[in-house]
Amino acid sequence: MANSNGQSIKQKTALEPTDLKKVVDSSMFTFESTEQAEKLTTIVGQQRARKVMNFGLHVNKPGYNLYVSGIVGTGKTSFVNSVVNDFANREAKLFDWCYVNNFEDEYKPKVLKLPAGLGKKLQKSMENLLNDLKVDIPSTFTEDNHQKNRASIIRKYKEKIENVYKQTDQTATDYGFLLKQSGSTILTIPMGEDGQPLSEEAYKAMDEKQLATMEKDSTKLQEIILEATKSIHHFEQELKRSLTGFDHQTALIAIDYQIDELKKSYKDCPEVMQHVKAVRKDLVENFHIFLPHESTQEEKQLGILFTDEQQAFKKYTINVLVDHSKTVGMPVISADNPTFYNLIGKVEYENRMGIMSTDFTKIKPGYLHHANGGYLIIQAKDIFSKSQAWEGLKRALLTHKLQIENIGEHTSIIATASVNPAPIPLDVKVIIIGNMDIYQILYTHDEDFRKLFKIRVDFDIEMKYNEDNITALVSFIHTHCKKHGLRHFDRSAVAKIIEYSSRLAGHQNKLSTRFNLQVELLYEADAWASMMGDDLVSAKHIEKAIQEKIYRSNLYEEKVQASIDEGSVLIDTTGEKVGQVNGLAVYDLGQYRFGKPSRITATTFMGRKGFVNIERESQMSGNIHNKGVYILGGYLGQKFAQTYPLVVTAHIAFEQSYGGVDGDSASSTELYAILSSLAEVPIDQGLAVTGSVNQNGEIQPIGGVNEKIEGFYAVCKSKGLTGTQGVLIPHQNVKNLTLNDEVIEAVRDGQFHIYKVQTIEEGIEILTGLPAGQPDEHGEYEKETVYGKVAEKLRMFMEFAKEQEK
């Protein structure tokens, strides 16, 4: 079938082996192995990300937090940690944050903002103060001088009370009564002439006048006794006040000595001085907690005494929430598990004799506390999978303060008592690492996100194929070998890694920045070198690692190939067929992609339905594929319906397609099948086609070109190479070719061919061996061309349609 025209167009469009991959010449390297290479000192590639990141870190204004966007495996986290740590490694003014007891309201702890390193020092100072007072106060109270002075005060008031008792007793005697204590009551008993209580006989012998006098005297005496009792009670109260004042003064001597020492150390810190003042006041009021206390048997059994003492002293302690005594530069915190409480902080509770209780010492910091004054790095997938975490972070950033709260109180019906710590001012820059999908959702639907994250750092999946990036990639290999104890790689291995990186990028002038996949290759090649007993990793180990990696993942590909080999899936690689073309598709299994041919057929006949996409009618076609089919009608109309209407129905189908079809990379293939059917010109089945087409017949680039070519080659090889088989690809995809060595060798040997196509006309000539045809000044095509035959068939359909209408 092939004529001179077909051979000519094939020669013109056929690619040379050198076009199929950019081969790296290992002699370009000056080292024998990566051991002699330079250490990596910067991030490989990502110039745009570095520039944007640097700007974002320098803008110290509200809302200029960063969102780092890119696909998995491009080194976003390593990049962010490296850049942020370098930027943060400079002098910074940091503060320690401490919570202390609020002696006026213990449910509202106060916060102290202290210069870095002072928090731990103050905590230790308060511990020493308490320990010293535990010794000094009891010692002061047990001194002989203190005991003597105390006894003197007691004796003084006892003498006053004794005098009252004596005077009252003498007055009672003068009135002829004896006094007798009965519980809390003083009884007056009439006295006889002998000084003894009046006998009953003597009392009965008294006349009315004597009895009246006695009653009158008794009443007066009771009034005197009442006044005396008041005086005694007054003296007792005075004694208590005197003893309390004396004890306070005694304790104050010990307390002030220690407090004065404390003040000397913190005289330049007003917040500490204010707190020390409050501590002194409370210590003076509660000095008795430092004195020995005899516990009851019940208290000993329950352990109440020890617990109460601990609680009593706890209010004087310092809860150092954030300690920057050892922090160099600005803090950089990675939030590994950003739950609400881990971010914002929390108040813990303890069970004390069946009752849940808490205090300011149970306040615990969150990531934001530790990052305050620096940077907080969060993975988007982590924070958005934790309940209330994102809302808590936004609230803190919007209000510029950290308010520790219990989120359970928001949903609880019963209000619970808890501490409400004073908020801490927040100055932090947050960097969220995620993908573009999450960013777009947040930017579209969360107005707070737009206010808070004004800087987006985009991570590219590729970088330029140039000397600087190749040198950086070599340094990356060197550094990774050193860090993880891998064998070093010789020049041939490095060359293969660069070729592999170019294959990952899918471009001859690009290198991939998906370093996780390249690191996997380093590990696996090192393992194969170990298994083969080699000290250096060479090209053979890289090739072995790639082959074995494919083998671990290509079971499904082998099953598909087996179905083709045994004839279950119908694919022709020899002969000629009308209206039948080998299309190419890519199967993406996530960790592995491969290409395989698919038979595309077209039937045409007279009618007015136009182009019927059987996949669409079966609801197995995606929107992009449907669009591609609609474009075919535009092309045929533009070429053949300028003087008469199209009266044609074309049915297009992907044969044996059961899983749905999408994408427009087969639109040119479908058009070739329709043209073949209309012209009744057979198509070479040894050729496969990929490429989309526009309404002007221009071939457009597609994805997965390497997998598609290698997939069809594998089928041809399995069925038998004839030397005429090959693949038509868009000319724009030549730069994307990074084919495996086997396909390149087959092209070099003339067993397989790859053609670059710019237009439908070029493609149909290669497939049929006939010229496509060019219209003359009247828009007519030569009869022996493909388009001449198509035009003739369409004109025939139109004429038949007219006759039918008549």
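Before going into details, it helps to say that this report is about the structure given with it.

Calculation notes
Residues numbered from 1 in each chain as written. Predicted model: local features only at pLDDT ≥ 70, side-chain atom pairs only at ≥ 80, totals over all residues. Heavy atoms only, no water. Helix = DSSP H or I, 4+ residues; strand = E, 2+ residues; numbered from the N terminus. Rg over C-alpha atoms; globule rule 2.2 N^0.38 Å. Buried < 20%, exposed > 50% of the residue type's maximum accessible area, 1.4 Å probe, protein only. Contact = heavy atoms within 4.5 Å. Areas by Shrake-Rupley, 256 points an atom, 1.4 Å probe, with all protein chains shown as cover. Salt bridge = Lys/Arg side-chain N within 4 Å of Asp/Glu carboxyl O. Pairing = 2+ DSSP bridges. Axes fitted to C-alpha atoms, helices over the stretch in contact; angles between N-to-C directions. Polar contact = N/O pair within 3.5 Å; in protein donor to acceptor, adjacent residues only side chain to side chain. Core = buried A, V, L, I, M, F, W, Y, C linked by side-chain atoms within 4.5 Å. Arc of directions from axis to C-beta. Parallel < 35°, antiparallel > 145°, perpendicular 65-115°, else oblique. Left-handed = near helix turned anticlockwise from the far one by under 90°. Patch = residues over 30% accessible without salt bridge, like charges linked within 9 Å, V, L, I, M, F, W, Y side chains within 5 Å.

Description of the overall build of the protein chain
The secondary structure content of the protein chain amounts to 29 helices and 29 strands. Relative to its length of 806 residues, the protein chain is extended, with a C-alpha radius of gyration of 48 Å against a globular reference of 28 Å. Principal-axis analysis of the C-alpha atoms places the extent of the protein chain at approximately 170 × 75 × 50 Å. The buried share among the 806 residues of the protein chain stands at 47%. In the protein chain, of all internal contacts separated by at least 6 residues, the share reaching a separation of at least 24 is 77%. Accessible surface, the protein chain: about 41600 Å² in total, of which carbon and sulfur atoms supply 49%.

Focus on the pattern of salt bridges
Taken as a whole and assessed by the stated rule, the structure comprises 37 salt bridges. The network of salt bridges with shared partners includes Lys21, Lys496, Glu499, Glu543 and Asp741.

Side note on the sheet that holds strand 7 (residues 332–335)
With parallel pairing, the 5 strands of this open sheet are ordered in space as 7-12-15-1-16. Strand pairing shows two members of the sheet lacking a second neighbour, strand 7 and strand 16 (455–458), which therefore form its edges. Each adjacent strand pair in this sheet contributes to an overall mean axis angle of 20 degrees, direction not counted.

What to know about the environment of Leu398
Mapped onto the secondary structure, Leu398 falls in helix 14 (residues 389–399). Judged by its relative accessible area of 38%, Leu398 is partly exposed. Separated by 28 residues in sequence, Leu398 and Leu426 place their C-alpha atoms 9.9 Å apart. Residues contacting Leu398, with those up to four places away along its chain left out, are Asp448 and Leu452.

Structural notes on the side chain of Gln379
Structurally, the position occupied by Gln379 is in strand 12 (residues 375–379). Of the polar contacts made by the side chain of Gln379, one reaches the side chain of Thr77; its length is 2.8 Å. When sequence neighbours within four positions are dropped, the list of residues in contact with Gln379 reads Thr77 and Ile433.

Some details on the nonpolar core
Ranked by internal contacts, the top residues of the largest apolar core, which has 46 residues, are Phe640, Tyr672, Leu675 and Ile760. Mapped by element, the contributors of at least two residues to this core are strand 21 (593–605), helix 24 (623–640), strand 23 (649–654), helix 25 (667–679), strand 25 (687–689), strand 29 (753–757), helix 28 (760–768) and helix 29 (786–805). Ranked by residue count, the leading element in this core is helix 29, at 8 residues. Apart from residues lying up to four places away in sequence, Phe640 is in contact with Leu675, Tyr781, Tyr787, Val790, Ala791 and Leu794. Among the nonpolar cores identified, the runner-up in size contains 38 residues, and Ala380, Trp390, Leu393 and Ala396 belong to it.

A closer look at the sheet that holds strand 2 (residues 95–100)
The strand order across the open sheet formed by 3 strands is 3-2-6, and the pairing between neighbours is antiparallel. Of all the strands in the sheet, just strand 3 (110–115) and strand 6 (319–322) have a single pairing partner and so form its edges. In this sheet, neighbouring strand axes are inclined to one another by 30 degrees on average, regardless of whether the strands run parallel or antiparallel. With 6 bridges joining them, strand 2 and strand 3 adopt antiparallel strand pairing. Across the sheet, the residue bridging to Phe95 is Pro115, located in strand 3.

Digging into unusual backbone geometry
Phi at Gln388 takes a positive value of approximately 70 degrees, unusual for a residue other than glycine. Looking at the element boundaries, Gln388 is found in the loop between helix 13 (380–383) and helix 14. A relative accessible area of 39% places Gln388 in the partly exposed class. With a phi angle near 60 degrees, His400 is a residue other than glycine that sits in the positive phi range. For His400, the position within the fold is in the loop between helix 14 and strand 13 (401–402). The exposure class assigned to His400 is partly exposed, which follows from its relative accessible area of 40%.

Section: helix 22 (residues 555–565)
Among the residues making up helix 22, those that are buried are Glu557, Val560, Gln561 and Ile564. Along the axis of helix 22, the buried residues cluster in a sector spanning 100 degrees; they form a single face. Away from the buried face of helix 22 by more than 90 degrees, exposed residues Leu555 and Lys559 are located. Residues of helix 22 that are buried in the fold lie against strand 21 and helix 26 (705–719). Two residues or fewer after helix 22 comes Gly567, characterised by a positive phi angle close to 90 degrees.

Quick notes on the packing of helix 26 against helix 27 (residues 741–748)
Running from N to C, helix 26 and helix 27 point in directions that differ by 65 degrees, and their axes come no closer than 10 Å. Taken together, helix 26 and helix 27 sit at an angle that is classed as roughly perpendicular. As for the relative orientation of helix 26 and helix 27, their crossing is left-handed in sense. Residues Ile709, Glu710, Tyr713 and Lys717 of helix 26 lie in contact with helix 27, whose contacting residues are Glu742, Val743 and Ala746.

Things to note about the pairing of strand 16
Burial of the side chains of strand 16 is restricted to one face: Ile455 and Val457 are buried, whereas none of Arg456 and Asp458 on the reverse face is. In the sheet, strand 1 (residues 66–69) pairs with strand 16 via 4 bridges, with the strands oriented parallel. Counterpart to Ser69 in the pairing with strand 16 is Asp458.

Some remarks on the side chain of Thr601
Along the chain, Thr601 falls in strand 21. Within the structure, Thr601 has its side chain in polar contact with the side chain of Glu655 (distance 2.4 Å).

Focus on a nonpolar patch on the surface
A grouping of Met606, Met796 and Phe800 is seen on the molecular surface, where their side chains present a nonpolar patch of about 240 Å² in accessible area. Within the secondary structure, Phe800 is located in helix 29. Phe800 gets classed as partly exposed once you look at its relative accessible area, which sits at 39%.

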